[in-house]
Amino acid sequence: MALHDRGIRAAQLGLLANAVLAAVKLVAGIVGNSYALIADAVESMADVVGSLIVWRGLAVAALPADEDHPFGHGKAEAIAAAAVSVLLFGAAAGVAYEAVQEIRTPHRPPASWTLLVLALVMFAKWVLARRVEAVGAAIGSRAVRADAWHHLSDAITSAAAFIGIAVALVGSRVYGGAQWAAADDWAALVAAGVIAYNGWRL
């Protein structure tokens, strides 16, 4: 029971961190005119739902055997991991669709301060991924390790957004032309690919 409690605590930590970071990225993306940052926020929101699924899966898996489940409820954990995988595919499809729409629509480049927001987010998610992965490995939980991969994929999508915004800003200022602003949207498309890859991997 103690092992499941550790897994549930890790899921709770991920839930809280993702909720806060998703809100920060969404507001920064809207105010700072960065679709890559908004796409990153969508990925974090998917992680919030994913953490809820993992949390519930661990709680069910910890239940003792009963008449309907003579071998226990352990498969609930694997089902939770599979559900999170499907969730990632859905998030990837939505982000990719919107990124393509943004690429086709001329717009101004993102605000430069969005880079600072992303740097802080990447650091926070990397630390969180390592912590949750350590818990998942210690208790032998695939669902908790799946949750750790969500945090890591979020850090990777944030890195893609950082590069896209940097290219959009430098290109627009040095070379001029609205076409450089689309680098931000291409970064969102890359982020969608990373999300989809992690969904397939899980």
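Definitions and limits used
- Residues numbered from 1 in each chain as written.
- Predicted model: local features only at pLDDT ≥ 70, side-chain atom pairs only at ≥ 80, totals over all residues.
- Heavy atoms only, no water.
- Helix = DSSP H or I, 4+ residues; strand = E, 2+ residues; numbered from the N terminus.
- Buried < 20%, exposed > 50% of the residue type's maximum accessible area, 1.4 Å probe, protein only.
- Lys, Arg positive; Asp, Glu negative; His and termini not counted.
- Salt bridge = Lys/Arg side-chain N within 4 Å of Asp/Glu carboxyl O.
- Polar contact = N/O pair within 3.5 Å; in protein donor to acceptor, adjacent residues only side chain to side chain.
- Expected span 1.5 Å × (residues − 1).
- Contact = heavy atoms within 4.5 Å.
- Axes fitted to C-alpha atoms, helices over the stretch in contact; angles between N-to-C directions.
- Parallel < 35°, antiparallel > 145°, perpendicular 65-115°, else oblique.
- Left-handed = near helix turned anticlockwise from the far one by under 90°.
- Core = buried A, V, L, I, M, F, W, Y, C linked by side-chain atoms within 4.5 Å.
- Patch = residues over 30% accessible without salt bridge, like charges linked within 9 Å, V, L, I, M, F, W, Y side chains within 5 Å.
- Areas by Shrake-Rupley, 256 points an atom, 1.4 Å probe, with all protein chains shown as cover.
- Nonpolar A, V, L, I, M, F, W, Y, C, P; charged D, E, K, R; others polar.

A. Summary view of the side chain of Asp 184. Of note, Asp 184 is situated in helix H6 (residues 183-201). Here Asp 184 occupies a buried position and makes no salt bridge, while the nearest side chain of opposite charge, Arg 108, is found at 10 Å. Of note is the side chain of Asp 184, whose polar atom sits 2.8 Å from the side chain of Ser 34.

B. Broad picture of unusual backbone geometry. Located in the positive-phi region is Asn 33, a residue other than glycine, with phi close to 60 degrees. As for its placement among the helices and strands, Asn 33 is situated in the loop between helix H1 (2-31) and helix H2 (35-61). Classification of Asn 33 by relative accessible area gives partly exposed; the value is 22%.

C. Expanded view of H6. Here H6 contains 19 residues, and its C-alpha end-to-end distance of 27 Å stays within 8% of the 27 Å for a straight helix at 1.5 Å per residue. Within the span of H6, buried status applies to Ala 183, Asp 184, Asp 185, Ala 187, Ala 188, Ala 191, Ala 192, Val 194, Ile 195, Asn 198 and Gly 199.

D. Focus on helix H5 (residues 142-174). For H5, which comprises 33 residues, the first-to-last C-alpha distance of 47 Å matches the rise-based estimate of 48 Å (1.5 Å per residue) to within 8%. Directly beyond the C-terminal end of H5, a positive phi value near 75 degrees is found at Gly 176.

E. The arrangement of the environment of Ala 28 in detail. Tracing the backbone through its elements, the reader meets Ala 28 in helix H1. Sequence-wise, Ala 28 and Leu 118 are 90 residues apart; in three dimensions their C-alpha atoms are separated by 9.4 Å. Ignoring sequence-local partners within four residues, the contact set of Ala 28 consists of Asn 33, Leu 37, Trp 113, Thr 114 and Val 117.

F. Representation of the environment of Val 121. In this fold, Val 121 is placed in helix H4 (residues 114-139). Overall, the relative accessible area of 3% leaves Val 121 in the buried class. Here the alpha-carbon distance between Val 121 and Leu 21, two residues 100 residues apart in the chain, equals 7.0 Å. When sequence neighbours within four positions are dropped, the list of residues in contact with Val 121 reads Leu 21, Lys 25 and Ser 158.

G. Structural detail: the packing of H5 against H6. Where H5 contacts H6, the two axes come as close as 7 Å, and the packing angle between them is 165 degrees. Comparing their axes, H6 and H5 come out roughly antiparallel. Regarding H5 and H6, the two cross each other, and that crossing is right-handed. Contact residues: H5 offers Trp 149, Ser 153, Ile 156, Thr 157, Ala 160, Ala 161, Gly 164, Ile 165, Val 167 and Ala 168, while H6 offers Ala 183, Asp 184, Ala 187, Val 190, Ala 191, Val 194, Ile 195, Asn 198 and Arg 201.

H. Focus on the nonpolar core. Counting residues in hydrophobic clusters, the biggest one holds 18 residues, and the most contacted among them are Tyr 35, Ala 36, Ala 39, Leu 118, Ile 165 and Ala 188. Non-local contacts of Tyr 35, meaning those with residues more than four positions away in its chain, are made with Gly 94, Val 95, Glu 98, Ala 99, Glu 102, Asp 184, Asp 185 and Ala 188.

I. Representation of a nonpolar patch on the surface within the structure. A cluster of nonpolar side chains, Val 27, Ile 30, Val 31 and Trp 113, forms an exposed patch at the surface whose accessible area comes to about 410 Å². Inspection of the secondary structure puts Trp 113 in the loop between helix H3 (75-103) and H4. On the basis of relative accessibility, which here comes to 40%, the residue Trp 113 falls in the partly exposed class.

J. The arrangement of the packing of H4 against H5 in detail. At their nearest, the axes of H4 and H5 sit 7 Å apart, and the two run at 160 degrees to each other. Accordingly, the angle class assigned to the pair H4 and H5 is roughly antiparallel. For the element pair H4 and H5, the recorded crossing hand is left-handed. Here the contact of H4 with H5 is composed, by residue class, of 22 nonpolar, 4 polar and 5 charged.

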